[in-house]
Amino acid sequence: MDYSTKNFGKMNGGKRSLNLFFSKNNFIGSFNAIDIIPNNNKPECCFVGRSNVGKSSIINAITKSKKLAKTSKTPGRTQSINLFKINDMINIVDMPGYGYAKVSKIKREELNNLIEAYIVNRANLLQVFVLIDCKVGVKDVDIDIFDSISAAEKKFSIILTKSDKCASNFIVEQQKSIFSLMRNYNNNFLKIHSTSSNKNIGIIDIQKVIFNLSTHHEI
Ligand code: GDP
């Protein structure tokens, strides 16, 4: 089967084959330190964002599975790095949510250090997806993450979440303001995806990006 980008425009846009690809997934494990994360030499992408930004919902929407995000919402796992393998070809990584007000300052710093250490040290990490709530926009904690990703010389895309809650002209303004901020990250920033997990908007485009990453040779 040919999943190359130019062939997605045909028939149902590759939707069925992509959903099939992503539905073959399994939970690798939950890790709270960098040196214990196993390396299966697969390409990897990760999802980061503030708590409540819609990370579990989008991972569910991408994988067409309720099971994955449920796993990562299990108490004790929300502050860990959760790894999933898709189709034995690529790992997707659910990072702990940052900036959660109800967590102590020390715990928040620990989480930030864990996230940063993962981004800096994970050799097979090809792309970071930074989730931003469309209504809330970019906060200082998100800028810290953009800075860490850039310092680690990794690539990132932004996923605007919950677009169903915003008027289309508001989304356009939000995108414009993010694009202007992204001038500071020219070497690392790739693109903005506007999405809604509830309405299944923009999900297929992210599936295509991840599928294309999965075809990178093993690392
Ligand atoms: P996480 O903490 O980042 O994993 O966020 P969740 O996926 O648990 O979502 C947090 C809240 O936002 C939940 O109440 C979800 O139902 C809601 N939510 C997530 N995605 C969407 C979306 O696309 N649209 C709307 N309207 N709500 C969403």
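Rules used throughout
Residues numbered from 1 in each chain as written. Predicted model: local features only at pLDDT ≥ 70, side-chain atom pairs only at ≥ 80, totals over all residues. Heavy atoms only, no water. Near = heavy atom within 4 Å. Polar contact = N/O pair within 3.5 Å; in protein donor to acceptor, adjacent residues only side chain to side chain. Areas by Shrake-Rupley, 256 points an atom, 1.4 Å probe, with all protein chains shown as cover. Helix = DSSP H or I, 4+ residues; strand = E, 2+ residues; numbered from the N terminus. Buried < 20%, exposed > 50% of the residue type's maximum accessible area, 1.4 Å probe, protein only. Contact = heavy atoms within 4.5 Å. Pairing = 2+ DSSP bridges. Axes fitted to C-alpha atoms, helices over the stretch in contact; angles between N-to-C directions. Phe/Tyr/Trp six-rings, centres within 6.5 Å; stacked < 30°, edge-to-face > 60°. Expected span 1.5 Å × (residues − 1). Arc of directions from axis to C-beta.

## A closer look at the site of the ligand
Around the ligand, the surrounding shell holds 13 residues, and the nearest of these are K55, S56, S57, D164 and S197. Here an oxygen atom of the ligand sits 2.9 Å away from a polar atom, N or O, in the main chain of N52. One nitrogen or oxygen atom from the main chain of V53 is found 3.2 Å from an oxygen atom belonging to the ligand. For the ligand, the protein covers 74% of the area, taking 580 Å² as the surface of the free molecule. Ranked by residue count, the leading element in the shell around the ligand is helix α2 (residues 55-63), at three residues.

## Things to note about the side chain of N91
When you line up the elements, N91 lands in strand β4 (residues 90-94). We classify N91 as buried; its relative accessible area is 0%. Leaving out residues up to four positions away in the same chain, N91 has contacts with I28, N40, K42, P43, E44, C45, L83, F84, K85, R122 and N124.

## Considerations on the sheet that holds strand β2 (residues 44-49)
Here we have seven strands laid out as an open sheet, ordered β1-β3-β4-β2-β5-β6-β7, and mixed in their pairing. With partners counted over all chains shown, the strands left at the sheet margins are β1 (25-31) and β7 (189-194), one partner each. When the angles between neighbouring strand axes are averaged without regard to direction, this sheet yields 20 degrees. In terms of strand pairing, strand β6 (residues 155-161) meets β7 through four bridges, oriented parallel. Looking at β7, one finds that L160 is bridged to S194. Together, β2, β3 (81-86), β4 and β5 (125-133) form the strand contacts of helix α4 (residues 105-121), whose direction differs from that of β2 by roughly 155 degrees.

## Brief notes about the packing of aromatic side chains
Here the distance between the centres and the angle between the planes together describe a pair of aromatic rings. Under the criterion given, the structure shown has nine aromatic pairs. For the pair F21 and F211, a centre-to-centre distance of 4.9 Å together with 80 degrees between the ring planes defines the contact as edge-to-face. On the criterion of sequence distance, the pair formed by F21 in helix α1 (residues 15-23) and F211 in helix α7 (residues 203-214) is long-range, its members being 190 residues apart. Residue class for F21 comes out buried when judged on its relative accessible area of 3%. Relative to F156, the ring of F146 lies with its centre 5.2 Å away and its plane at 15 degrees, an arrangement referred to as stacked. Residue F146 is found in helix α5 (residues 140-151), and its partner F156 is found in strand β6; the two are separated by ten residues along the sequence. Put simply, the rings of F146, F156, F179, Y185 and F189 pair up and form one aromatic cluster.

## A short note on α4
If you check α4, its first and last C-alpha atoms are 24 Å apart, about what 17 residues at 1.5 Å a residue would give, namely 24 Å. All of the buried residues in α4 are L111, L114, I115, Y118 and I119. Axial view of α4: buried residues confined to an arc of 125 degrees, hence all on one face. Counted as exposed and oriented over 90 degrees from the buried face of α4: K105, I106, N113 and N121. Contacts from the buried residues of α4 go to β2, β3, β4, β5 and α5.

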